[in-house]
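Examining the three-dimensional arrangement
For reference, the chains in residue letters:
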Amino acid sequence: MASHTQIQFLPIINGLQKMALYETKARLYLIGSNNTQTKFRVLKIDRTEPHALSITDDKVEYTQRQIKELLSMINEGNRAQFGQRQMSGLARTVSAFGIVGFIRFLEGYYIILVTKRRKVAVIGLHTIYKVEDTTMIYIPHESVRKQSDDESKYVRLFQNIDLSSNFYFSYSYDLTHSLQYNMSPPTEIPHDVLLSFKGPPAEGEDENTDSFSNSSSGTKEGSGSRNKDNSNESPPSKKKEKVKGCIPEGTNSTKKSSSTIYYGVRNKPHKKFIWNGYLLKPVEDILHPAWILPITHGFVAQVRLQ
């Protein structure tokens, strides 16, 4: 009996949904985790630069035990001795749900974080959140800060923008494209991927949370990764899609029977509708995609019909 393999495309969920910002005199440490706090990533932000933005993303995924050991090591290495007391070398500053971006006026850079969110809608299995509150934290340490008389004026002008009014985001649904675009099959999957399987992509199958979690991390061993850019053949909003393939646990691809290959697809957001695109520009080529959170300005409402 000939093997019959189907391909199913599922959106990649942004794995970093909870964050905590820690500070020492020399660095800020932004710890990001998934919703269940089982997978973690770390951003190291240098505080000794008065003007430049220096960020290190090691692209490593940590376990909960590893992240506790890392924080403990940082704390021990930065303890300060004051008389008979030892002061903590690592202080937790704020908890957050995402990075809005980075901005600089006349002095050093600020980091803007979403500190409060509210669930406003559900599309299929995708949750849409409204930004309820944000915080803006100055990155350089006070010891290296170069004061500017007009800095506070520009900060006030920027903070006149009410980020708690009509700004939305989702960890798994692309708000910068239409529903028709998001529901349609990917159009720029490399032909060698499609031709390597005899069966067509599965259509009309129900999505489930297990499938989403299996394809969300994009770090499984043996996962394939291919990029393609056909800017001459497709509209600007469909230039690039990242594809990662994985075989779910319990699936044996060598059996002569039907099986399904799941591919996680990460759409490239339409830059025209990313409100914080400019704020993310200094780091979009440095950070892992899990840190990037496109925020859209508009209006979202959902009413349950009885």
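The sections below set out a description of the structure shown in this document.

Calculation notes
- Residues numbered from 1 in each chain as written.
- Predicted model: local features only at pLDDT ≥ 70, side-chain atom pairs only at ≥ 80, totals over all residues.
- Heavy atoms only, no water.
- Pairing = 2+ DSSP bridges.
- Helix = DSSP H or I, 4+ residues; strand = E, 2+ residues; numbered from the N terminus.
- Axes fitted to C-alpha atoms, helices over the stretch in contact; angles between N-to-C directions.
- Contact = heavy atoms within 4.5 Å.
- Expected span 1.5 Å × (residues − 1).
- Buried < 20%, exposed > 50% of the residue type's maximum accessible area, 1.4 Å probe, protein only.
- Arc of directions from axis to C-beta.
- Core = buried A, V, L, I, M, F, W, Y, C linked by side-chain atoms within 4.5 Å.
- Patch = residues over 30% accessible without salt bridge, like charges linked within 9 Å, V, L, I, M, F, W, Y side chains within 5 Å.
- Areas by Shrake-Rupley, 256 points an atom, 1.4 Å probe, with all protein chains shown as cover.
- Salt bridge = Lys/Arg side-chain N within 4 Å of Asp/Glu carboxyl O.

**Side note on the sheet that holds strand S8 (residues 91–96)**
Pairing is antiparallel in the open sheet, where 5 strands are placed in the order S5-S4-S3-S2-S8. Because the sheet does not close on itself, it has two edges, and the strands there are strand S5 (55–57) and S8. Put simply, the sheet's adjacent strands are angled 20° from each other on average, direction ignored. When strand S2 (residues 18–23) meets strand S3 (residues 27–33), the two strands line up antiparallel, connected through 6 bridges. By the bridge assignment for S3, Ala20 is matched with Ile31. Against the sheet, helix H1 (residues 64–77) contacts S2, S3 and strand S4 (40–46), and its axis sits at roughly 25° relative to S4.

**Considerations on H1**
Between its first and last C-alpha, H1 extends 20 Å over 14 residues, near the 20 Å set by a 1.5 Å rise per residue. Taken together, the buried positions of H1 are occupied by Ile67, Leu70, Leu71, Ile74 and Asn75. For H1, the buried positions fall inside an angular range of 135° around the axis, keeping them on one side. H1 presents Arg65, Lys68, Met73 and Gly77 as exposed residues on the side facing more than 90 degrees away from its buried surface. Along its buried surface, H1 packs onto S2, S3 and S4.

**Considerations on the sheet that holds strand S9 (residues 98–104)**
The sheet built from 5 strands is open, its strands ordered S9-S10-S11-S12-S16 with antiparallel pairing. Where the open sheet ends on each side, the last strands, each with one partner, are S9 and strand S16 (296–297). Bridge count between strand S10 (residues 109–123) and strand S11 (residues 126–138): 12 bridges; the pairing is antiparallel. Its bridge partner being in S11, Val114 is matched across the sheet by Thr134.

**Here we look at the environment of Val60**
As for its position among the elements, Val60 is in the loop between S5 and H1. Considered as a pair, Val60 and Phe40 are 20 residues apart in the sequence and their alpha carbons are 8.4 Å apart. Ignoring any residue separated from it by four or fewer positions in sequence, one finds Val60 in contact with Phe40 and Arg41.

**What to know about unusual backbone geometry**
In the Ramachandran plot, Lys59 falls in the positive-phi region, its phi being about 60° despite a non-glycine side chain. Relative to the elements of secondary structure, Lys59 occurs in the loop between S5 and H1. Classification of Lys59 by relative accessible area gives partly exposed; the value is 42%. Its identity as a non-glycine residue notwithstanding, Asn166 has a phi of 65°, on the positive side. Checked against the element boundaries, Asn166 lands in the loop between helix H2 (151–159) and strand S12 (167–169).

**Concerning the nonpolar core**
If you look at the biggest cluster of nonpolar residues, it comprises 21 residues, and the most contacted ones within it are Leu30, Ile99, Phe102, Ile111, Leu113 and Trp291. Contributions of two or more residues to this core are made by S2, S3, S4, S8, S9 and S10. Here this core takes 3 residues from S10, the largest share from any one element. With sequence-adjacent residues up to four places away left out, Ile99 is seen in contact with Met19, Leu30, Leu43, Ile112, Leu113, Asn276, Leu280, Trp291 and Leu293.

**Observations regarding a nonpolar patch on the surface**
Nonpolar side chains collect at one region of the surface, where Leu106, Tyr154 and Leu157 lie side by side and expose about 260 Å² of accessible area between them. The residue Tyr154 is located in helix H2 in this model. Taking relative accessible area as the criterion, Tyr154 reaches 34% and is therefore assigned partly exposed.

**Overview of the pattern of salt bridges**
This structure, assessed with the given rule, holds 8 salt bridges. When the shortest N-O distance is used, the salt bridge between Glu142 and Arg145 registers 3.2 Å. Classification of Arg145 as partly exposed rests on a relative accessible area of 23%. Residues participating in the shared-partner salt-bridge network are Glu107, Glu142 and Arg145.

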